[in-house]
Amino acid sequence: MLEIKDLSVSYGAVRALRSVSFEAQPGSITAVLGANGAGKTTLLRTISGLVRPRTGSVHFNGEELLGRRVETIARQGVAHVPEGRGIIEELTVEENLRLATLWCLKRRERQTAIEEILELFPRLMGFRHRHASTLSGGERQMLVLGRALISRPRLLLLDEPSLGLAPLVTAQLMGLLRDHATGTDVTVVLVEQNARSALSVSQHAVVLNLGEVVVSSSAAEVAADEGLRHHYLGF
Amino acid sequence: MLRHLLFATFGAGIMYLVTSNISLFDNYQVGQIASFVVVLAGLSLLTGVNGQISLGHGAFMAVGAYTTALLMTHTQWNFILELLSAVGAAGVAGLLIGIPATRLKGPYLAGMTLLFALALPPIADKWPNTFGGDQGLTMTTPNAPGTLSPQEWLAWIQIGGALIVLVLLANLLHSRYGRTLRAVRDDEIAASLAGINVARTKVLAFVISAGCAGLAGAFLGLSTGVVNTGAFPLTLSIQLLAAMVLGGTGSLIGMVWGGILLVYLPQWSTSLSGHFNLGSGVSAYLATIIFGAVLIVAMIAAPNGIQGGLRWAWRRLPGSGSGVGGSGSSAAPGAPTPVLTDE
Amino acid sequence: MSLFFNYTLNGISNGMIYSALALALVLIFRATKIINFAQGAAGMMTTFIASSLLAHGVSYWWAFVLVLAIGFAFGAMTERILIRPLQGKSELNPVIVTIGLLVVLEGVAGAIYGNASRGFPAAYSQSGLTFGHSRIAFSHFDVFILVAVLVLMIAILILFRATTLGLRMRASAFAGEISRLLGVRVGILLTLGWGLAGIAGSLTGLLVAPTSSFGPYYMDLVLVYAFTGAVIGGLESPVGALIGGLVTGLCISYVGGYLGSGLEPMGALVLLMVALMARPEGLFSRPAARRV
Ligand SMILES: Nc1ncnc2c1ncn2[C@@H]1O[C@H](COP(=O)(O)OP(=O)(O)OP(=O)(O)O)[C@@H](O)[C@H]1O
Ligand SMILES: [Mg+2]
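All values reported here derive from a predicted model rather than from experimental measurement.

Visitor: Go over the coordination of the magnesium ion (ligand 2) with me, naming the residues and quoting the values.
Guide: Coordination of the magnesium ion (ligand 2) by the protein involves Thr41(A) (OG1) and Glu83(A) (OE), with metal-donor separations of 1.9 to 2.6 Å. Of the two residues, Thr41(A) is situated in helix α1 (residues 40-47) and Glu83(A) in the loop between β6 (78-81) and α3 (93-101); the sequence distance between them amounts to 42 residues.

Visitor: So what's going on with the site of ligand 1? Which residues, and what values?
Guide: All names here are of chain A. Around ligand 1 sit 13 residues in total, of which Lys40, Thr41, Thr42, Glu83 and Gln193 are the nearest. Within the side chain of Lys40, an N or O atom sits 2.7 Å from an oxygen atom of ligand 1. The contact in question runs from an oxygen atom of ligand 1 to an N or O atom on the side chain of Glu160, over 3.4 Å. Look at ligand 1: alone it shows 630 Å² of surface, and the protein chains cover 61% of it. The biggest single contributor to the shell around ligand 1 is α1, with 3 residues. When grouped by side-chain class, the residues that make up the shell around ligand 1 number 4 nonpolar, 6 polar and 3 charged.

Visitor: Describe in detail the interface of chain C and chain A, supporting the description with residues and values.
Guide: Taken together, the 22 residues of chain C in the interface contact 29 residues of chain A. There are 3 salt bridges connecting chain C and chain A. Of the charged contacts in the structure, one is a salt bridge between Arg45(A) and Glu177(C), with a shortest N-O distance of 2.9 Å. Among the secondary structure elements, those contributing two or more residues to the side of chain C that touches chain A are α6 (164-174) and α7 (176-181) of chain C. No other element matches α6(C), which puts 6 residues into the side of chain C that touches chain A.

Visitor: Tell me what's going on with the interface of chain B and chain C, and back it up with residues and numbers.
Guide: Contact with chain B, which involves 48 residues of that partner, is made by 53 residues of chain C. Both faces considered, chain B and chain C share a buried interface measuring about 4200 Å² in area, 79% of it formed by carbon and sulfur atoms. Sorting the residues of chain B by area buried against chain C places Tyr108(B), Leu115(B) and Tyr285(B) first, and these three jointly supply 18% of that buried surface. If you look at where chain B meets chain C, you find 0 salt bridges. Counting across the chain B and chain C interface gives 1 residue pair in polar contact (both at pLDDT 80 or more). For the side of chain B that touches chain C, the secondary-structure elements that each account for two or more residues are α4 (79-101), α5 (106-126), α11 (234-248) and α13 (279-301) of chain B. Residue composition of the side of chain B that touches chain C, by class: 34 nonpolar, 9 polar and 5 charged.

Visitor: Describe in detail the layout of surface pockets, supporting the description with residues and values.
Guide: Of the voids in this model, the second largest pocket is the one considered here, and its volume is about 1100 Å³. Considering the residues around the second largest pocket, the lining is formed by 45 residues, among which Ser212(C), Ser213(C), Tyr217(C), Tyr218(C) and Leu221(C) are closest to the centre. Secondary-structure elements contributing two or more residues to the lining of the second largest pocket are α5 and α11 of chain B together with α1 (2-32), α5 (140-162), α8 (186-208), α9 (220-232), α10 (238-259) and α11 (264-278) of chain C. Considering each element in turn, the lining of the second largest pocket owes the most residues, 7 residues, to α1(C). Of the residues contributing to the lining of the second largest pocket, the split by class is 21 nonpolar, 19 polar and 5 charged.

Visitor: Go over the packing of aromatic side chains with me, naming the residues and quoting the values.
Guide: Within this structure, the stated rule accounts for 21 aromatic pairs over all chains. Taking 6.0 Å as the distance between ring centres and 75° as the angle between the ring planes, the aromatic pair formed by Tyr108(B) and Phe29(C) counts as edge-to-face. Within this pair, whereas Tyr108(B) is found in helix α5, its partner Phe29(C) is found in helix α1, the two belonging to separate chains. Across the pair, Phe29(C) and Tyr108(B) agree in class, each one buried. Clustering of aromatic rings is evident, with ring pairs tying together Tyr60(C), Trp61(C), Phe64(C), Tyr124(C), Phe141(C) and Phe144(C). The ring of Trp127(B) is capped by Lys126(B), whose NZ or CZ atom sits 5.5 Å from the centre of that ring. In this structure, Arg30(C) packs its charged tip against the face of Phe160(C), placed 4.6 Å from the ring centre.

Visitor: Which residues make up the packing of helix α8 (residues 176-186) of chain B against helix α10 (residues 198-224) of chain B, and what are the values?
Guide: All names here are of chain B. Two elements in contact, α8 and α10, have axes separated by 10 Å at closest approach and are oriented at 110°. The angle between the axes of α8 and α10 places the two elements in the roughly perpendicular class. Residues Tyr177, Thr180, Leu181 and Val184 of α8 touch α10, and the partners they reach there are Val198, Thr201, Lys202, Leu204, Ala205 and Ile208. Looking at the contact of α8 with α10, its residues break down into 7 nonpolar, 2 polar and 1 charged.

Visitor: Break down the sheet that holds strand β9 (residues 204-209) of chain A for me, citing the residues and quoting the values.
Guide: All names here are of chain A. Overall, mixed pairing links the 6 strands, which are arranged β6-β7-β8-β3-β9-β10 in an open sheet. Each edge of the sheet is formed by a strand with only one pairing partner; in this case those strands are β6 and β10 (212-218). Sheet twist, expressed as the average angle between the axes of neighbouring strands with direction ignored, equals 15°. Packing of α1 onto the sheet brings it into contact with β3 (28-34), β6, β7 (155-159), β8 (187-191) and β9, and relative to β7 it is tilted by some 150°.

Visitor: Give a description of the arrangement of the chains that names residues and reports values.
Guide: Of all 2 pairs of chains in contact, the one with the most contacts involves chains B and C. Where chain A comes nearest to chain B, the C-alpha atoms are still 14 Å apart, and the two do not contact one another.

Visitor: Please set out the sheet that holds strand β5 (residues 63-64) of chain A residue by residue, giving values where relevant.
Guide: As a general point, the strands of a sheet are linked pairwise by backbone hydrogen bonds and lie either parallel or antiparallel. Residues and elements named next belong to chain A. Taking strand neighbours across the sheet as the criterion, the 4 strands line up as β2-β1-β4-β5 in an open arrangement whose pairing is antiparallel. On the outer flanks of this sheet lie β2 (14-24) and β5, each paired with one strand and no other. Two elements, strand β1 (residues 2-11) and strand β4 (residues 55-60), share 5 bridges in a ladder whose sense is antiparallel. The residue of β4 that forms the bridge with Leu2 is Phe60. On top of the sheet, α1 reaches β1, β2 and β4; it is set at about 115° to β1, its chief contact.

Visitor: Any details on the packing of α9(C) against α10(C)? Residues and values, ideally.
Guide: Residues and elements named next belong to chain C. For the pair α9 and α10, interaxial distance at closest approach is 7 Å and the crossing angle is 125°. In terms of orientation, α9 lies oblique with respect to α10. At the point where α9 passes α10, the crossing takes the right-handed sense. On α10, the residues touching Tyr225, Thr228, Gly229 and Ile232 of α9 are Gly240, Gly244, Gly245, Val247, Thr248 and Ile252. Grouping the amino acids of the contact of α9 with α10 by side-chain chemistry returns 4 nonpolar, 6 polar and no charged.

Criteria and cut-off values
- Residues numbered from 1 in each chain as written.
- Chains lettered and ligands numbered in written order.
- Predicted model: local features only at pLDDT ≥ 70, side-chain atom pairs only at ≥ 80, totals over all residues.
- Heavy atoms only, no water.
- Donors = N, O, S within 2.8 Å, 3.2 Å for Na, K, Ca; no water.
- Helix = DSSP H or I, 4+ residues; strand = E, 2+ residues; numbered from the N terminus.
- Near = heavy atom within 4 Å.
- Polar contact = N/O pair within 3.5 Å; in protein donor to acceptor, adjacent residues only side chain to side chain.
- Areas by Shrake-Rupley, 256 points an atom, 1.4 Å probe, with all protein chains shown as cover.
- Nonpolar A, V, L, I, M, F, W, Y, C, P; charged D, E, K, R; others polar.
- Contact = heavy atoms within 4.5 Å.
- Salt bridge = Lys/Arg side-chain N within 4 Å of Asp/Glu carboxyl O.
- Buried area = accessible area lost by both parts, 1.4 Å probe.
- 1 Å grid on protein atoms, 1.4 Å probe; cavity = no way out; pocket = protein on both sides within 12 Å on 5 of 7 lines; lining within 4 Å.
- Points joined across faces, edges and corners; volume = space filled by probe spheres on them.
- Phe/Tyr/Trp six-rings, centres within 6.5 Å; stacked < 30°, edge-to-face > 60°.
- Buried < 20%, exposed > 50% of the residue type's maximum accessible area, 1.4 Å probe, protein only.
- Lys NZ or Arg CZ within 6 Å of the ring centre and 35° of its normal.
- Axes fitted to C-alpha atoms, helices over the stretch in contact; angles between N-to-C directions.
- Parallel < 35°, antiparallel > 145°, perpendicular 65-115°, else oblique.
- Pairing = 2+ DSSP bridges.
- Left-handed = near helix turned anticlockwise from the far one by under 90°.

Given below as structure tokens:
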């Protein structure tokens, strides 16, 4: 379980997060929604250690994550798919995948893990030796997602995975996420602009506005609240 | 601007009192300091105000020195004209380096100018008949007017030259062109969107800076009376960079500190190593080591140099308020270098 | 014709040396976007250490290995002590720091060993090989240079292409933050990269010393020639460094041979300017890998 308490982050004078608290349960998807600049990316970057908060705590399965190094947090089973260009363009598709297995899998298991992921995203199968810089936007998104899944994370942080994807592909991706989360005990935090499709696969939803939590409740309740949708989610 | 002229007159008055009351050897050193101020001011404009680095200013000095020396050897030109030719020739060299430099970012430009600093002196060695080989070419100062000793007269020429250069550069930096230089340093794309011709601005900065170096080279040649290739090693270029950083990159008046360091640090370090019985081998290199070490420390710890430190202290003086570094005394245009601090 | 042949051989031998130092520059540049202008001076310093070791009766090959190790340690220490604190500052700061280190090293070497150039032994004979009756401008030592640099290049290529350590190094060089999110300890790998560059720098120092006036400044020109080669090769791959170094070595050898050695640095300057004008990112860089 991911427990976030009283988290505040500032960039100089800009207060990006103000006393944010919520919990995310294993085996479920928690959607984090909000307008541009609401602090969603900052929240994920703080959890994975890239940003140091002013105050607050981040516990995952009872352990404090704050203050640890980014690499250490990653090795605790936290996979963060960053916003935008998350692939390493200079490496091939297969190297991108292999890189994520180095700390968690034994030498013999790596290749099978890579094959499994490539089977999950058949489009990538033929491109395995191509430089990642040659992939299309959607293919890149599949690659980063596959790279996140290959280390079998216990906490999966996704920053706008549907960005630039065709609606059909977004729907497939969301379905895949739902299957993955409910079938295992992984905790998924899903940051999305596309609130409707995010809510359709999530169990829980947190709405941020100007760095503050407006609502934290079940996804169904958020989706049903007309005022909330109108004010913050725009559908 | 009037303020700069007043300041320069004031400076000239002080220098008159200083030079007429000190010994001949000190006149020589004060003149050398003034010469270094000329090249450092140009370097400060290039690196501090325009954001282009140069490790080759020693070579521009060589261009200026050899130009004047060749004219003195082969022609009967007017002395002023001979000095202006040094500025012109070095300016042309600056143009040749400055044009490719417009497309280069910091590390590339540093490497290219470093190669320039190393490539130029061997040229003079290659044609010993023209450039005098190891002996070099002699340079003579015109006869001193009135009762002035030759040393005093030369020091006067050098100080006068330095003051003129400082006034010209200070006015330049306060003009629209100064703002253009800074705009290009801060953000080239934004500057070009604002209608600034980025390439031309950068080339011009290089030409002006190299021209200053050319004048300084001629001045230093006059001090020693001779120019040869050994006078412009790579270490000179690097010491210039160090002195500029120490004086406070982007400041003009801070370059006086830089000039003082360039002249006196070698002497201090010689007496220091004599004091500790370090031997002549060490003393010859101690100044170089100190320059290098201070360069490193300055970059890691204090990127604003001596002038920046003084300004900082001034602002903290009780009673000076929060005004911008005492505007009355400030002949140092430009803010302390954002280039060398955080981006 | 035979003159041309000999200039070519000479250019290849020197070019291999420039390639080795260009490789050092590339290893550091692609990970940190810093040109280590002190790389040549570091090689000079370690070669002076080698000369001291030899004077104390250590055998050539032991000194050789020891000095490569010292070069590694020195490179790694440079990164930790001088470069790490500059993170997030302007790109001019590291340039100036490495320049400062360059003069400090040259000053220290001069203070300890003096300015006079001294001899340094070559591992093998320096007289030209003979084929039948003709002697060519390529000695046993030149063969050794060729082999030593190629071994270094191949070792680095194998490290990068065929090992997971190399995969980690490439990843952290190209995309530090993403690599950290994937559990890669980027900090230590950067230090390792500087250490490897230190090995290449030390090797260069040892290979250049016998054929030049070995003193505090003998690596200055080698460094700028290597820089020229690295720029021609695109500053991002070992293969580029090899090609760029060879091109530079050949050009300089022809300029020196036909126009006189005093014009060699000027020839290199022209070459560098042409390369930079033609393509500031390097002639052999992959456009796909360029970042906006
Ligand atoms: N490195 C930074 N320096 C300064 N301010 C920053 C930095 N990163 C983010 N901010 C500011 O913090 C606030 C929150 O940014 P954040 O990236 O977390 O928003 P977001 O919710 O992810 O927005 P979007 O949906 O547009 O991605 C914004 O006002 C942003 O301008
Ligand atoms: Mg965001």
